[in-house]
Amino acid sequence: MNITHFVENLERGGLERTVIDLIGAQRDAGHACRVICLFERGALAEELDARKVPVLACGKRNGADLGAVLRARRFLREVPPGGVLHTHNAAAHYHAVLAAAGLPLRCIVNTRHGMGVMGPSRRREWLYRRAMPVTDFVAAVCEAARDHFDRDGVRPRSGLLTVPNGIRVERFAPASVRAREALIAELGWPPGSRIIGTVGRLQPVKDQANLLHAFARVRERVPEAVLLLVGDGTLRVELEQLSAELQLGDAVRFLGDRSDVDRLLRGLDIFALSSLSEGYSVALLEACAAGLPIVATDVGGNREIVRDQNNGLLVPVADPEALAAALERLLQAPDLTSTMGRAGRKWVLAEGSLRTMAERYLRLYAQPSGEGEVVLSTPHRAMSNL
């Protein structure tokens with residue numbers, strides 16, 4: 001197949017990492033791929049350059065930009081007839097549909113990587129729904145998101161379904177005492193430190209401020225606890241200031257964007273995610289692959305990855321007391337954390353692999369379009385009929 005992925009950009013993030021890994025799997029299976037970026041190319045584009053996957057940028061400016069649409073159309077016209085257009089999230093989708101009008105494509109598939117929390121009344125969601133009559137399939141990344149879009153009237157021509165994200169699980173070795181000791185020494189923490197870590201963009205929806213407030217409470221009762229934040233974003237300065245105000249000192253480290261997340265995860269004791277909203281978190285899948293117990297907020301698709309009391313604990317959103325209590329519980333129960341870590345790794349090896357996700361999408365691309373809705377009920381069975 002000739003597959004064109006259409007994204008906003010390829011900056012570092014869960015969506016972008018998923019797209020790049022999916023393209024790698026599709027290329028390995030013998031398919032031709034290219035990427036069109038609505039805005040700039042982004043930092044991760046170099047990975048595709050190395051594999052000689054074309055990455056084309058439309059350079060969209062703020063507001064309506066017909067020039068960007070025309071550039072996208074010119075790129076799409078280079079695809080042989082019968083190609084697949086796979087878009088990611090709302091803005092990329094309606095721009096891509098406009099650019100592709102009248103072109104001989106086999107099918108148009110859109111993936112929504114989050115929960116669409118902006119609501120159908122907002123301009124972006126309104127434009128997105130105007131593109132549904134010529135959209136063959138919409139794939140949500142978790143059942144919670146699929147149910148949300150169904151209630152909000154997202155009606156593609158052939159199906160609204162669930163295709164969970166997958167990761168390269170083979171990249172992730174289980175966490176170990178040796179890796180933890182090495183990371184403690186590297187970061188200059190005292191021997192015996194207990195590392196809580198999180199990975200994600202420093203932006204409001206991830207609510208790392210809540211995690212910092214919770215961690216301040218944890219430190220009062222578990223003084224050997226330390227906190228590692230991996231990722232960068234618009235809130236970095238604000239979060240660093242909050243850490244200083246909470247007098248957390250060297251117990252908190254901000255590492256910024258990193259390309260060695262798999263290595264860092266191996267050194268953690270616990271993985272924490274404090275988001276206000278999530279789709280199907282790549283960060284949680286990676287934590288499972290590293291065999292880490294997880295404490296996560298009970299939002300979006302998190303409960304489809306973190307089975308409460310099995311491979312982690314779920315806590316209410318924006319509740320630092322509950323988050324702190326869950327972290328303390330795991331820090332004080334090493335046998336429980338080991339059991340949870342093994343359970344998470346076993347699950348992700350079976351259900352969260354990149355290969356599984358890629359096979360599901362290829363079967364979806366091959367489905368006849370416009371022949372009635374396909375509704376698939378759970379992430380574990382999501383593509384079993386395809």
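Treat the numbers as computed from the prediction; the structure is a model and nothing was measured.

### Observations regarding the overall build of the chain
A count of helical and extended segments in the chain gives 15 helices and 13 strands. Computed over C-alpha atoms, the radius of gyration of the chain comes to 21 Å, within 12% of the 21 Å expected from 2.2 N^0.38 for 386 residues, which places it in the range of a compact globule. Taken over 386 residues, the chain has a buried fraction of 57%. For the chain, long-range pairs separated by at least 24 residues make up 67% of all intrachain contacts whose partners lie at least 6 apart in sequence.

### Side note on unusual backbone geometry
Phi is positive for N89, which is not a glycine, with a value near 75 degrees. Looking at where N89 falls in the secondary structure, it is placed in the loop between β4 (83-88) and α4 (90-99). Residue N89 is classed as partly exposed on the basis of its relative accessible area, which comes to 22%.

### Some thoughts on empty space enclosed by the protein
Here the structure, examined in full by the defined rule, presents two cavities of 30 Å³ or more. Estimates place the volume of the largest cavity at around 40 Å³. G197, T198, V199, L228, V230, V261, L264, L265 and L268 are the residues that line the largest cavity. Elements supplying a minimum of two residues to the lining of the largest cavity: β8 (194-199), β9 (225-230) and α10 (261-265). Here the residues of the lining of the largest cavity sort into seven nonpolar, two polar and no charged. Each pocket or cavity is described by its volume, and for the second largest cavity that value is around 30 Å³.

### Focus on the nonpolar core
By size, the foremost hydrophobic cluster in this structure holds 100 residues, and its most contacted members are L228, L265, F271 and L327. Counting residues in each nonpolar core, the second largest holds 31 residues, with I3, V55, M357 and L362 among its members.

### Focus on helix α6 (residues 143-151)
Three or more residues of α6 are buried, namely E143, A145, R146, H148 and F149. Its buried side turned inward, α6 meets β5 (105-112), β6 (137-140), β7 (159-162) and α12 (302-305). G153 lies just past α6 and shows a positive phi near 85 degrees.

### Considering the side chain of N311
Its location among the elements puts N311 in the loop between α12 and β13 (312-315). With near-sequence residues (within four places) excluded, N311 lies in contact with C288, L292, P293, I294, I305, V306, M340, A343 and G344.

### A look at the packing of helix α3 (residues 66-77) against α4
Running from N to C, α3 and α4 cross one another at 65 degrees; their axes reach a closest spacing of 8 Å. The way α3 lies across α4 gives a crossing that is right-handed. Residues V69, A72, R73 and L76 of α3 pack against H95, A96, L98 and A99 of α4. Here the residues of the contact of α3 with α4 are counted per class, giving six nonpolar, one polar and one charged.

### Some thoughts on the environment of R51
Locating R51 in the fold gives a position in the loop between α2 (45-50) and β3 (55-57). Counting along the chain gives 190 residues from R51 to Q241, while the straight-line C-alpha distance between them is 41 Å. Ignoring anything within four residues of it in the chain, the contact list for R51 reads G24, R27, D28 and R168.

### Things to note about the pairing of β9
Most of β9 is tucked away, with six of its six residues classed as buried. Once the chain exits β8 it traverses helix α8 (residues 208-221) before rejoining the sheet at β9, and the crossover so formed is right-handed. Bridge count between β9 and strand β10 (residues 252-256): four bridges; the pairing is parallel. Paired with L227 across the strands is V252, a residue of β10. Traced from β9 through helix α9 (residues 236-245) to β10, the parallel crossover comes out right-handed.

### Comments concerning the pattern of salt bridges
Here the structure, examined in full by the defined rule, presents 28 salt bridges. For R124, the salt bridge goes to E8, with nearest N and O atoms at 3.9 Å. Here R124, found in helix α5 (residues 123-130), pairs with E8, found in the loop between β1 (2-7) and α1 (14-28); they are 116 residues apart in sequence, far enough to count as distant. Residue R124 is classed as partly exposed on the basis of its relative accessible area of 34%. Overall, the relative accessible area of 25% leaves E8 in the partly exposed class. Among the ionic pairs, D21 bridges to R168, the shortest N-O distance being 3.7 Å. With a gap of 147 residues between them, D21 in helix α1 and R168 in the loop between β7 and α7 (177-187) connect regions that are remote in the sequence. Grouping residues by exposure puts D21 and R168 together as buried. When salt bridges with common partners are traced through the structure, they connect R17, D21, E47, R168 and E170 into a single cluster.

### Examining the sheet that holds β8
Overall, parallel pairing links the six strands, which are arranged β10-β9-β8-β11-β12-β13 in an open sheet. Pairing within the sheet leaves two strands with one partner each, and these edge strands are β10 and β13. Strand-to-strand twist across the sheet, computed as the mean angle between neighbouring axes with direction ignored, equals 20 degrees.

Conventions and cut-offs
Residues numbered from 1 in each chain as written. Predicted model: local features only at pLDDT ≥ 70, side-chain atom pairs only at ≥ 80, totals over all residues. Heavy atoms only, no water. Helix = DSSP H or I, 4+ residues; strand = E, 2+ residues; numbered from the N terminus. Rg over C-alpha atoms; globule rule 2.2 N^0.38 Å. Buried < 20%, exposed > 50% of the residue type's maximum accessible area, 1.4 Å probe, protein only. Contact = heavy atoms within 4.5 Å. 1 Å grid on protein atoms, 1.4 Å probe; cavity = no way out; pocket = protein on both sides within 12 Å on 5 of 7 lines; lining within 4 Å. Points joined across faces, edges and corners; volume = space filled by probe spheres on them. Nonpolar A, V, L, I, M, F, W, Y, C, P; charged D, E, K, R; others polar. Core = buried A, V, L, I, M, F, W, Y, C linked by side-chain atoms within 4.5 Å. Axes fitted to C-alpha atoms, helices over the stretch in contact; angles between N-to-C directions. Left-handed = near helix turned anticlockwise from the far one by under 90°. Right-handed = clockwise from strand over helix to strand, strands pointing away. Pairing = 2+ DSSP bridges. Salt bridge = Lys/Arg side-chain N within 4 Å of Asp/Glu carboxyl O.

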